[in-house]
Amino acid sequence: MNKPRKKRVSHWILFGIMGPLIAVMSIQAQQLIEIRSDWNPTMDNRMEWWHDAKYGMFIHWGLYSIPSGEWNGETTYGEWIMRGADIPYKEYEGLANKFNPVKFNADEWVQIAQEAGMKYIVITSKHHDGFCMFDSKYTDYDIIDRTPFGRDPLKELADACAKVGMHLGFYYSITDWHHPHFAEKWHGYHGNPNPEADLDVYVEFMQNQLRELLTNYGPIKILWFDDGGSFMMPSDGPVEAYMEEHPALLHSVETMNMVRSLQPDIIINDRLGYGTTDFMTPEQFVPEPGSYSAVHNFESCLTINGAWGHNKSEVNWKSPKEIIHELVQNASMGGNYLLNVGPMSNGKIDPVDTEILRGAGKWIHRNAEAIFSTQAGPVPQPDWGRITSRPLSNGNTRLYLHVFDWPRGSRSQPTQFAITVAGLENQPVQAYALTTIPRRSYSAEQNKGSIVIKLNGRRPDIVNSVVVLDLEGSIRKRKM
Ligand code: H79
C-alpha cells in the first residue's frame, strides 16, 4: 500500500492542554487496577462469548464525520472537534442539516468486519457532542429528527448484524456537551452551559435513552460507556473517595440493574462506575505483559490511524502487520482487541481502512485457530514473539508460538535456529507450522524445565509465523 508522505497529523497541541488531565487519569487507572485485584477473569458466564471473540470493530460515526477533522484551516481534529475548535453551539448543531450519508449500507459494514476477522461491533450511539445516531423520544437532537437522512443507522446495523450472527454493542458517552443538564463543571466544557444544570435530571435522561437502546434494537451484547475524562477527582484526592463518589453521582448501580433487567447477559465496561464493571478498557495502548491479564478481563481499544472520528488529512495508518501483532499481543494476555474505524460522512468506511482490515483479515482467517477461543500464554512472554494456548480434549495442552522474528533465510541457505519456551516441566508431543501445506514439523525437546524447538527452513509467514506446540498433560510450571 502506498502511504502518501505528508505532514504527520499531530494531537500534540491539544495534548498540551489535556496532558495533565490524562496524567491524573492514568495514575487513577493504575490505582484502580490494583484495588480491583479481587476480580477473576473467568468468573462470569456472560463473558464467555466475548473471550472467544477476541477481535472487534469499534465505529466512531457522528456529526464530527462531516468536517472530517478540518475547521478554519486546521486539519488535526477528530471527534472532539466541537470542543477542540471551539465551534459555536448553534453552528455545530447546524451540521445535522448536512448529514446525509446516502452511501451507508449496514450489510457492507458487517461484511467488512467479517472479512477482517472481527467477531463483534461496537458503535457510537452518542458521543460527547450529544448528537444521537438513533431515534430517541427523549431528545430531538437525533438523526431522525434533525437530518435529511431520516434513517436510523443503529437499527439497520442491528438488523445486518442479526442476519449473520455478528455481536453488537453500543458506545454511549456519559459526558454530554449538548444536554442542558450536563453541567460544564463535569467536563470543563459545555457548548451551552446552564448554571441550573441538575445531574440527576441528566442521569434520568441517560437511563431513558439506554432503555430505548436496549429495547428497540434486539440483543445488545455490550454497553461501552465513555466519559472523556470527566468527573475527575482532585489530583490529590484519595482514589477510594473517587470510587465511591463517581458511581454515587451517576447512580451507576441503579443504571446497571435497569440495564440488566432489559438485557440480562449484557456486559458493561469500566467507565460507568466502580461496582458495575465487567471489563477494563486500556485506551490507545496494548498493556504490558503481566499488567492486566492475571486478574482482569480487558479489551484494549486502538485506532487504525491517528483519529477516532474520520479525518480526511490522516496519513498515519497502521499496517496489517501492526494490527496482527496488536491482536496477538492482547490475545497472549487473555485480552480482546477493539480496533476503531471512523466511517466517512457519506456512509462508507474509508477504502484505505477497508484494504488494511482485509489485509490483516487474510492472516487472521488463516491462523484463526491460534487466536479465537484461546487463552493467555501460560508462561512469561518470550522475546521472539507471543504465546496463546488452549487445553485439548485428550488432556494435553496446545501452545501457539507466534514467532514475530523469524530469520529470513533463502533457498540455498535455509535458516536453522532454536526458540525456547521457558518455565515448563511438560514433555513435548509434537511441533509443526500451523499453516504450511504439506505440514512442516519441527523437533522439540524438554531441557531442564525449558522446551527447545528447532526451527528450520524459510519462515512460513511474513508477518507472524505460528508454530503449534503440543504438550503432554495440563500445564506444569517449573518450580523456581
Ligand atoms: O471515543 C474516543 C475518544 O474520543 C474518547 N474515548 C475514545 C474511545 C476519549 N475520551 N477521552 N479521551 C479520549 C482522552 C483524551 C484525549 C485527548 Fe484529544 C487528547 C483530548 C485532547 C487531546 C483525542 C485527541 C481527543 C482529542 C484529541
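Residues numbered from 1 in each chain as written. Predicted model: local features only at pLDDT ≥ 70, side-chain atom pairs only at ≥ 80, totals over all residues. Heavy atoms only, no water.

**Q** Would you mind going over empty space enclosed by the protein in detail, with residue names and values included?
**A** Counting across every chain of the model gives two cavities of 30 Å³ or more. One number sums up the size of the largest cavity: a volume of about 60 Å³. What lines the largest cavity is a set of 14 residues, among which Asn 305, Ala 307, His 310, Gly 342 and Asp 353 lie closest to the centre. Grouping the constituent residues of the lining of the largest cavity by class yields five nonpolar, six polar and three charged. (1 Å grid on protein atoms, 1.4 Å probe; cavity = no way out; pocket = protein on both sides within 12 Å on 5 of 7 lines; lining within 4 Å. Points joined across faces, edges and corners; volume = space filled by probe spheres on them. Nonpolar A, V, L, I, M, F, W, Y, C, P; charged D, E, K, R; others polar.)

**Q** Mind laying out the nonpolar core, listing which residues take part and the relevant values?
**A** Most often, soluble globular proteins keep nonpolar side chains buried together rather than apart. With 100 residues, the main nonpolar core has Tyr 55, Met 57, Ile 121 and Leu 357 as its most contacted residues. At eight residues, the largest contribution of residues to this core is made by helix α8 (residues 199-215). For this core, the domains that each give at least three residues are domain 1 (11-370) and domain 2 (377-471). Each residue touching Leu 357, except ones within four places of it in the same chain, is listed here: Tyr 55, Met 57, Ile 112, Ala 116, Met 118, Ile 304, Leu 339 and Val 341. Counting 20 residues, the second-largest nonpolar core is a separate cluster that includes Val 379, Leu 424, Ala 433 and Val 467. (Core = buried A, V, L, I, M, F, W, Y, C linked by side-chain atoms within 4.5 Å. Buried < 20%, exposed > 50% of the residue type's maximum accessible area, 1.4 Å probe, protein only. Helix = DSSP H or I, 4+ residues; strand = E, 2+ residues; numbered from the N terminus. Domains from an automatic or database assignment. Contact = heavy atoms within 4.5 Å.)

**Q** Mind laying out the pairing of strand β6 (residues 299-303), listing which residues take part and the relevant values?
**A** Along β6, five of the five residues are buried, which leaves the element largely enclosed by surrounding structure. In β6, alternate side chains face the same way, and those of Glu 299, Cys 301 and Thr 303 on one face and Ser 300 and Leu 302 on the other are all buried. Bridge count between β6 and strand β7 (residues 336-341): five bridges; the pairing is parallel. Residue pairing in the sheet places Leu 302 in a bridge with Leu 339 of β7. (Pairing = 2+ DSSP bridges.)

**Q** For the confidence of the model for the chain, give the residues involved together with the corresponding values.
**A** Per-residue confidence for the chain gives a mean pLDDT of 90, with 89% of residues at or over 70. Within the model, pLDDT remains below 50 along residues 1-28, and this stretch shows 34 contacts once partners closer than five positions in the same chain are excluded. (pLDDT = per-residue confidence, 0-100.)

**Q** Tell me about the pattern of salt bridges, and please be specific about residues and values.
**A** This model, assessed by the stated rule, comprises 19 salt bridges. A salt bridge links Glu 369 to Arg 398, with the nearest nitrogen and oxygen atoms 3.0 Å apart. Here the residue Glu 369 occupies a position in the loop between α12 (351-366) and β8 (375-376), and Arg 398 occupies one in strand β10 (residues 397-403), the gap between them amounting to 29 residues. Residue class for Arg 398 comes out buried when judged on its relative accessible area of 13%. Residues Arg 398 and Asp 470 are paired through a salt bridge, measuring 2.7 Å at the closest nitrogen-oxygen approach. Here the residue Arg 398 occupies a position in strand β10, and Asp 470 occupies one in strand β15 (residues 465-471), the gap between them amounting to 72 residues. The pair formed by Arg 398 and Asp 470 is uniform in burial state, with each residue classed as buried. Linked by salt bridges that have partners in common, Lys 90, Glu 93, Asp 140 and Arg 146 make up one network. (Salt bridge = Lys/Arg side-chain N within 4 Å of Asp/Glu carboxyl O.)

**Q** So what about the sheet that holds strand β1 (residues 55-59)? Which residues, and what values?
**A** As summarised here, the arrangement of the seven strands in space is β5-β4-β3-β2-β1-β7-β6, forming an open sheet in which the pairing is parallel. Looking at the sheet topology across the chains shown, the edges are occupied by β5 (267-268) and β6. Bridge count between strand β2 (residues 120-126) and strand β3 (residues 167-173): six bridges; the pairing is parallel. Bridge pairing links Tyr 120 to His 167 in β3. Strand contacts of helix α7 (residues 153-164): β2 and β3, with the helix running at about 165° to β2, the strand carrying the most contacts. (Axes fitted to C-alpha atoms, helices over the stretch in contact; angles between N-to-C directions.)

**Q** I'd like a rundown of helix α9 (residues 239-250), residues and numbers included.
**A** In a regular helix each residue adds 1.5 Å, so 12 residues correspond to 16 Å; α9 covers 17 Å between its end C-alpha atoms and thus fits that length. What α9 keeps buried is the set Val 239, Tyr 242, Met 243, His 246, Pro 247 and Leu 250. What you see down the axis of α9 is that its buried residues fit within an arc of 105°, all on one side. Residues of α9 that are exposed and point more than 90 degrees away from the buried face comprise Glu 244, Glu 245 and Ala 248. Looking at the residues trailing α9, positive phi occurs at His 251, about 50°. (Expected span 1.5 Å × (residues − 1). Arc of directions from axis to C-beta.)

**Q** How would you sum up the side chain of Thr 255? Please name residues and give values.
**A** The residue Thr 255 is located in helix α10 (residues 252-262) in this model. With residues up to four places along the chain from it excluded, the contact list for Thr 255 reads Met 206, Gln 207, Leu 210, Leu 250 and Leu 272.

**Q** Break down the packing of aromatic side chains for me, with residues and values.
**A** Tallied over the entire structure, the rule returns 22 aromatic pairs. Centre to centre, the rings of Trp 177 and Tyr 189 are 5.3 Å apart; their planes meet at 90°, and the pair counts as edge-to-face. Within this pair, whereas Trp 177 is found in the loop between β3 and α8, its partner Tyr 189 is found in the loop between β3 and α8, the two being separated by 12 residues in sequence. Since its relative accessible area comes to 0%, Trp 177 is described here as buried. (Phe/Tyr/Trp six-rings, centres within 6.5 Å; stacked < 30°, edge-to-face > 60°.)

**Q** Tell me about the packing of helix α11 (residues 320-331) against α12, and name the residues and values.
**A** Following both chains from N to C, one finds α11 and α12 inclined at 50°, their axes separated by 8 Å at the closest point. Compared by their axis directions, α11 and α12 come out oblique. Both α11 and α12 take part in a crossing whose hand is right-handed. Residues Pro 320, Ile 323, Ile 324, Leu 327 and Val 328 of α11 touch α12, and the partners they reach there are Ile 356, Gly 359, Ala 360, Trp 363 and Ile 364. Classifying every residue of the contact of α11 with α12 gives nine nonpolar, one polar and no charged. (Parallel < 35°, antiparallel > 145°, perpendicular 65-115°, else oblique. Left-handed = near helix turned anticlockwise from the far one by under 90°.)

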